[in-house]
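# Structural overview for review
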Amino acid sequence: MNENFVQQGAIGLRRRHRMVKLLQVNNLKKHFHLGKNEILKAVDGVSFHINKGETFGIVGESGCGKSTAGRTIIGLYDQTEGEVIFNGKNIHTLKSKERHNFHRQMQMIFQDPYASLNPRSTVREIISEPMEVHGLYPNKQDRLKRVYQLLEDVGLNRNHADRYPHEFSGGQRQRIGIARALALDPEFIIADEPISALDVSVQAQVVNLLKRLQKEKGLTYLFIAHDLSMVKQISDRIGVMYLGHLVELTDSSELYKKPMHPYTQALLSAIPIPDPDIEDQRERIILMGELPSPINPPSGCVFQTRCPMAMEVCSVEKPNWKEVEVNHFLACHLYDKNKTGDHDYSQVAVTR
Ligand SMILES: Nc1ncnc2c1ncn2[C@@H]1O[C@H](COP(=O)(O)OP(=O)(O)OP(=O)(O)O)[C@@H](O)[C@H]1O
Ligand SMILES: [Mg+2]
C-alpha cells in the first residue's frame, strides 16, 4: 500500500479519535506495606486521562512512582485506592473472562530489553507466546506467518525468527519486545522507559519506530521517561510526577513554553539549549537535597523541602490538583491568590 496513503489515513484516524477518552485514571494510589507499620506510598493519588490515538508522557526522577503507576494501570498490581477506567470499564472490577480480553488490549514494553526477553527462547517462541496464551492463531502455520509479519512491522525479518536474544543488539532486542507487545493487536501500550537502556544513536530509531507503528495501527501510548527532552519528542501531553504525585500536566508544547510548577521549571532548566548564546545566559535551577523517602513524605506539598519558592502554607497544606488554565493542570500554592498573601506569584512562570 502507498505509504502516504497509510500515513494520511492514520492521521485522519488520530484526529477523529483525538478527543475520545481511552483511559481515565482517578485518584490512583499504590501503597506497599513493608513492615509492621511501614507503608511506602509509591503512587499517592494521581488523576489523568489519555485520549485515543495520543501519546501521554509521564516524566519524573528515579523513584517518583512512574513504573508503579504503569504497572497498576495495566493490572500487574492491585491498586490501594482509586480507579482505572479503560474503554468505559473499571479494570479492577472486571470478571475473569473480561479481564482476559482486557489484557489483550493493553500491553507493556519494558525498559531493559536484555532482562525482559527469555534468553532460552527463540524470537519465534517469544513473539508467539502471548498468542498461544490467548488462543490466537491456533494453526501453527498461521501463527508463524503472523510472527514473520510482526518482525517485518518492527524492522526485522523472518530470518531472525529462529535466533536467540543474545544474538541481537540492544536496539534489535527492543524491537523484539515491541513485536511481542504487538502480537495481540493491542489498542494501548505502556512504554516504560523503552529507550533509556539503549545507545543514544539507536534511541531515535526506536522512537521513530514507535511513532510509525502508532500511525499505522492507531495505537495509544503511555510513554514513561525520566528525561523531559525525550518525552517531548513523542508526547502530545505530558504529566510531571514527583514523589507519587502529579504536580503539573498540560500539552507538550505548553509545558515547554510555560512551565508553571517550580519542579517542572527545574527539570526544564537542566536541558541544554543548542544555541550557545542562549545556553550561556540562561538560568539553571539547581534543586537542593535528595528526593525524600516515600515512606515518610514531607507534610503539605510533597515538593516543599526542595522548592526554591516554598512559602509557609506549603509545609502545612497539600495543594489541590486543579485546572488553572484550559488544559493546564497544576498542584501548587503559588498560583492560588488566597495562599500567596500580598505577593502575586502568577508571573513566576518562565517563558522559554
Ligand atoms: N514491589 C515493590 N515493593 C516495595 N516498594 C516498591 C516496589 N516497587 C517499587 N517500590 C518503591 O516505590 C517507589 C517508586 O518506584 P518506581 O519503580 O515506581 O519508580 P520510578 O519512577 O519508575 O523510578 P525509575 O525511574 O528508577 O524507574 C520507590 O521508592 C521504590 O523503591
Ligand atoms: Mg521505573
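Our structure is the block above this text.
Here the structure is a predicted model, which is why all the values come from computation and not from measurement.

One turn of an α-helix holds 3.6 residues; hence residues three or four places apart share an orientation. Helix length check: helix H5 (residues 140-153) (14 residues) gives 20 Å between terminal C-alpha atoms against 20 Å at 1.5 Å per residue, within 8%. Within H5 the residues assigned to the buried category are Arg143, Arg146, Val147, Tyr148, Leu150, Leu151 and Asp153. Close packing links the buried residues of H5 with helix H4 (123-133), helix H6 (170-182) and helix H7 (200-217). Two or three places before Gln141, at the opening of H5, Asn139 has a side-chain oxygen 2.8 Å from that residue's backbone nitrogen. Directly after H5, the chain includes Gly155, whose backbone phi takes a positive value near 85°.

With that settled, consider the sheet that holds strand E4 (residues 81-86). Spatial ordering of the open sheet is given by E2-E1-E4-E5, a layout of four strands whose pairing is antiparallel. Whereas interior strands pair on both sides, the edge strands pair on one side only; in this sheet they are strand E2 (39-51) and strand E5 (89-90). Looking at chain direction, strand E1 (residues 21-33) and E4 are connected through five bridges and run antiparallel. Considered in E4, the bridge of Val25 is made with Val84. Contacts from helix H2 (residues 66-74) reach E1, E2 and E4 within the one sheet, and its direction differs from that of E1 by about 115°.

On to empty space enclosed by the protein. Going through the model one piece at a time under the given rule, you end up with one cavity of 30 Å³ or more. Space inside the largest cavity adds up to approximately 80 Å³. Taken together, 13 residues form the lining of the largest cavity, with Cys301, Cys307, Cys314, Cys332 and His333 sitting closest to its centre.

Turning our eyes to something else, we now look at the site of ligand 1. Not every one of the 15 residues close to ligand 1 is listed here, only the nearest: Ser62, Gly63, Lys66, Ser67 and Thr68. Gly63 places a polar main-chain atom, nitrogen or oxygen, 2.8 Å from an oxygen atom of ligand 1. Separating an oxygen atom of ligand 1 from a side-chain N or O atom of Thr68 is a distance of 2.5 Å. When the free accessible area of ligand 1 is taken as 630 Å², the share hidden by the protein chains comes to 67%.

A full pass over the atoms with the stated rule returns eight aromatic pairs. Arranged with centres 5.4 Å apart and planes meeting at 85°, the rings of Phe32 and Tyr77 form a pair that is edge-to-face. Highlighted residues: Phe32 in strand E1 and Tyr77 in the loop between H2 and E4, separated in sequence by 45 residues. Taking the relative accessible area as the measure of exposure, Phe32 reaches 24% and is therefore partly exposed. With 4.8 Å between their ring centres and 65° between their planes, Tyr242 and Tyr263 make a pair best called edge-to-face. Separated by 21 residues along the polypeptide, Tyr242 in strand E9 (residues 237-242) and Tyr263 in helix H10 (residues 262-269) bring together distant segments of the chain.

Okay, the side chain of Thr68 next. Structurally, the position occupied by Thr68 is in helix H2. In this structure Thr68 comes out as buried when scored by relative accessible area, which is 13%. When near neighbours in sequence (up to four residues on either side) are disregarded, Thr68 contacts Lys30, Phe32, Ala42, Val43 and Tyr77.

With that out of the way, let us pick up the packing of H6 against H7. Geometry of a packed helix pair, given as the angle between the helix axes and the separation of the axes. Direction vectors running N to C along H6 and H7 enclose 20°, while the axes themselves pass 10 Å from each other. On the basis of the axis angle, H6 is roughly parallel to H7. Relative to H7, the crossing made by H6 is right-handed. Along its contact with H6, which presents Gly171, Gln174, Arg175, Ile178 and Leu182, the element H7 presents Val202, Gln205, Val206, Leu209, Leu210, Leu213 and Lys217.

Reading guide: rules and limits
- Residues numbered from 1 in each chain as written.
- Chains lettered and ligands numbered in written order.
- Predicted model: local features only at pLDDT ≥ 70, side-chain atom pairs only at ≥ 80, totals over all residues.
- Heavy atoms only, no water.
- Helix = DSSP H or I, 4+ residues; strand = E, 2+ residues; numbered from the N terminus.
- Expected span 1.5 Å × (residues − 1).
- Buried < 20%, exposed > 50% of the residue type's maximum accessible area, 1.4 Å probe, protein only.
- Contact = heavy atoms within 4.5 Å.
- Polar contact = N/O pair within 3.5 Å; in protein donor to acceptor, adjacent residues only side chain to side chain.
- Pairing = 2+ DSSP bridges.
- Axes fitted to C-alpha atoms, helices over the stretch in contact; angles between N-to-C directions.
- 1 Å grid on protein atoms, 1.4 Å probe; cavity = no way out; pocket = protein on both sides within 12 Å on 5 of 7 lines; lining within 4 Å.
- Points joined across faces, edges and corners; volume = space filled by probe spheres on them.
- Near = heavy atom within 4 Å.
- Areas by Shrake-Rupley, 256 points an atom, 1.4 Å probe, with all protein chains shown as cover.
- Phe/Tyr/Trp six-rings, centres within 6.5 Å; stacked < 30°, edge-to-face > 60°.
- Parallel < 35°, antiparallel > 145°, perpendicular 65-115°, else oblique.
- Left-handed = near helix turned anticlockwise from the far one by under 90°.

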